[in-house]
Amino acid sequence: MATESTEEHGNISIRNLFFRVFPWIPWQKDFFMSDKIETKLSAARTRLILDRPFLGALVLRMPLKAADPSWCATIGTDARAFYYNPEYIASLTVEQTQFALAHEVLHCALSHFARRE
């Protein structure tokens, strides 16, 4: 069964109908985009738990935060959280997102931040 956001009514999806009915809401496209990105990030985290339990456990301990694209072009971490550029994550596959999360958490696991000083 289709989800509410993709269920078709004639030739117009609920998402497109929402955009037509409420065109003045400036955040409407970001709302649907962020939902899609959060789903992709959740899927990548879930796959890490199943495929690489050690890395998956580490990834689950780090909160995910959407970052301003002016200072975060891709994805990064400060050893406290993951910061991601929503447009960058949207351009990745779930497998690539999984790799990016594993890559960033390994910076923390290998104490790369301790070596900066």
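Not measured: the values here are computed from a predicted model.

**Side note on the sheet that holds strand 4 (residues 75–77)**
Right, on to step 1. As summarised here, the arrangement of the three strands in space is 3-5-4, forming an open sheet in which the pairing is mixed. At either end of the open sheet lies a strand with only one pairing partner, and these are strand 3 (64–66) and strand 4. Looking at each pair of strands side by side, their axes are set apart by 25 degrees on average, direction ignored.
Right, on to step 2. As judged from the three bridges shared by strand 3 and strand 5 (residues 82–84), these two strands associate in the parallel manner. Its bridge partner lying in strand 5, Leu 64 is registered against Phe 82.
Right, on to step 3. Across the sheet, helix 5 (residues 94–109) lies against strand 3, strand 4 and strand 5, angled at about 20 degrees from strand 4, the strand it touches most.

Each value, and the rule that gives it
- Residues numbered from 1 in each chain as written.
- Predicted model: local features only at pLDDT ≥ 70, side-chain atom pairs only at ≥ 80, totals over all residues.
- Heavy atoms only, no water.
- Pairing = 2+ DSSP bridges.
- Helix = DSSP H or I, 4+ residues; strand = E, 2+ residues; numbered from the N terminus.
- Axes fitted to C-alpha atoms, helices over the stretch in contact; angles between N-to-C directions.
- Contact = heavy atoms within 4.5 Å.

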